[in-house]
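Here are the chains, one letter per residue:
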Amino acid sequence: MEQVYSVDFFDGMQAGANPALMYYNTEGIFIQMGFYWNKEATVLFYAYNQCKIQQTGNNFFVFLNKEATNYISFNTNESFVQSLKQQLEQKDSSFAGSLLRMNALTLLLMVVVLFAGVYWAISAIVPWAGLKLIKPETETEIGEKMHESMMRGETIDERRTAVLQQFAKELKLSKDYPIKLTVVKNKEVNAYAIPGGNIVVYTGILKAMKSPDELAALLGHEAAHINERHSLKSILRSAATGLMVSVVLNDVSGILSIIVENAEGLRTMHFSRGIEANADEEGMKLLVKNGIHPLAMKKLMQRLKENTPEIPDAFSFMLSHPATDDRIKHANEFAIPYKKSSFAPNPVLDSLWSELK
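What comes next concerns the included structure. The structure presented is a predicted model; accordingly, all values stated were derived computationally and were not measured. (Residues numbered from 1 in each chain as written. Predicted model: local features only at pLDDT ≥ 70, side-chain atom pairs only at ≥ 80, totals over all residues. Heavy atoms only, no water.)

### Focus on the packing of aromatic side chains
Part 1 of the reasoning: Following the criterion strictly, the structure yields 13 aromatic pairs and no others.
Part 2 of the reasoning: Measuring from centroid to centroid gives 4.9 Å for F30 and F45, while their planes differ by 50°, and the two rings are tilted. Note that F30 is positioned in strand β3 (residues 28-33) and F45 in strand β4 (residues 44-47), a separation of 15 residues in sequence.
Part 3 of the reasoning: In this structure F30 comes out as buried when scored by relative accessible area, which is 13%. (Phe/Tyr/Trp six-rings, centres within 6.5 Å; stacked < 30°, edge-to-face > 60°. Helix = DSSP H or I, 4+ residues; strand = E, 2+ residues; numbered from the N terminus. Buried < 20%, exposed > 50% of the residue type's maximum accessible area, 1.4 Å probe, protein only.)

### Points about unusual backbone geometry
Part 1 of the reasoning: With a phi close to 60°, A68 is a non-glycine residue in the positive phi region.
Part 2 of the reasoning: By the secondary structure assignment, A68 is in the loop between β6 (59-63) and β7 (71-75).
Part 3 of the reasoning: In this structure, R229 is a non-glycine residue whose phi angle is positive, near 60°.

### Considerations on the side chain of N198
Part 1 of the reasoning: With respect to the helices and strands, N198 occurs in strand β10 (residues 198-202).
Part 2 of the reasoning: Apart from the residues lying within four places of it in its own chain, the contact partners of N198 are G143, E144, H147, K180, Y192, A193 and I226. (Contact = heavy atoms within 4.5 Å.)

### Some words on the sheet that holds β3
Part 1 of the reasoning: Within the open sheet, the 7 strands sit side by side as β4-β3-β2-β1-β7-β6-β5. Their pairing is antiparallel. Because the sheet does not close on itself, it has two edges, and the strands there are β4 and β5 (52-56). Mean inter-strand twist for the sheet, computed between neighbouring axes without regard to direction, equals 35°.
Part 2 of the reasoning: Where strand β2 (residues 18-24) and β3 come together, 5 bridges link them in antiparallel fashion. Bridge pairing in β3 links A20 to M33. (Pairing = 2+ DSSP bridges. Axes fitted to C-alpha atoms, helices over the stretch in contact; angles between N-to-C directions.)

### Quick notes on the side chain of D280
Part 1 of the reasoning: Relative to the elements of secondary structure, D280 occurs in helix α11 (residues 273-289).
Part 2 of the reasoning: Classification of D280 as buried rests on a relative accessible area of 1%.
Part 3 of the reasoning: D280 has contacts with H221, M297, M301 and R327, leaving out every residue within four places of it along the chain.

Quick look at the structure:
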């Protein structure tokens, strides 16, 4: 048997202390009433995970149960104090014990970091899984619902829509999606892509452009967003939490409604610089594929930049599609290999452009 020590024991039933003997091991504390250890007498056992320690002046207290009704006390000078403290502190070395010892601010910070980590994980996992699970055909069906929802309350220019659709048909913009154009009567210099193939163009941006090549560059850029699924990925990321809940509840209609509701953000969506650069480059590849000089992309962005002083800050195309010097430089560098290439005029596009203007 291990070393036995004399302590004062408070059993919670009597006002004063009772003389008792204590010994402890790696499992907990053992208490027996009296001055002499009797192997046949009752021994009380208290596991360390129920105990708490407290020091007041020269007195050391060990509360033996969660209610703190039973406890022992002894002088801090006792030879066993440090050894017993080590045993008691080791029981709190678990993660849960560490949490209990932390102050409220630290715990709050940990909760915030935890939720931020969960949110980040959901924001990363949901778009990745969504892009894997949603096939182009399904994306087109969802996109049609988005388009229908977003066009409510808009004034569509039917004549220009028909002409612009014919303009787009003359171009090879996508092999995976049916590209459909809609011209909306609005002075804003704006255009945006909807997942699945729809591109919405405002009359304001048609007025700002000066050549059919610039229009082709605009359609190439927006078609690149569709082909690279940028818009779908952004919607999935912004709606990630709601989508996760709907998936867990197996609510298919809820998934569709959440995606459609978040489509409204496409009007002023802010893509990252990397995504915009990717859309510019893929758009220029489409220009080359269609026999149009890639410098048309540079001209488009320069045109928008030139018009910036005349365009109110609220115009979303300049906010969500910033024609920055870096992007103009990138377009210029992309076009260098084609500097000596000849690109024949396209009379069909020229004629359709005239009808649009």
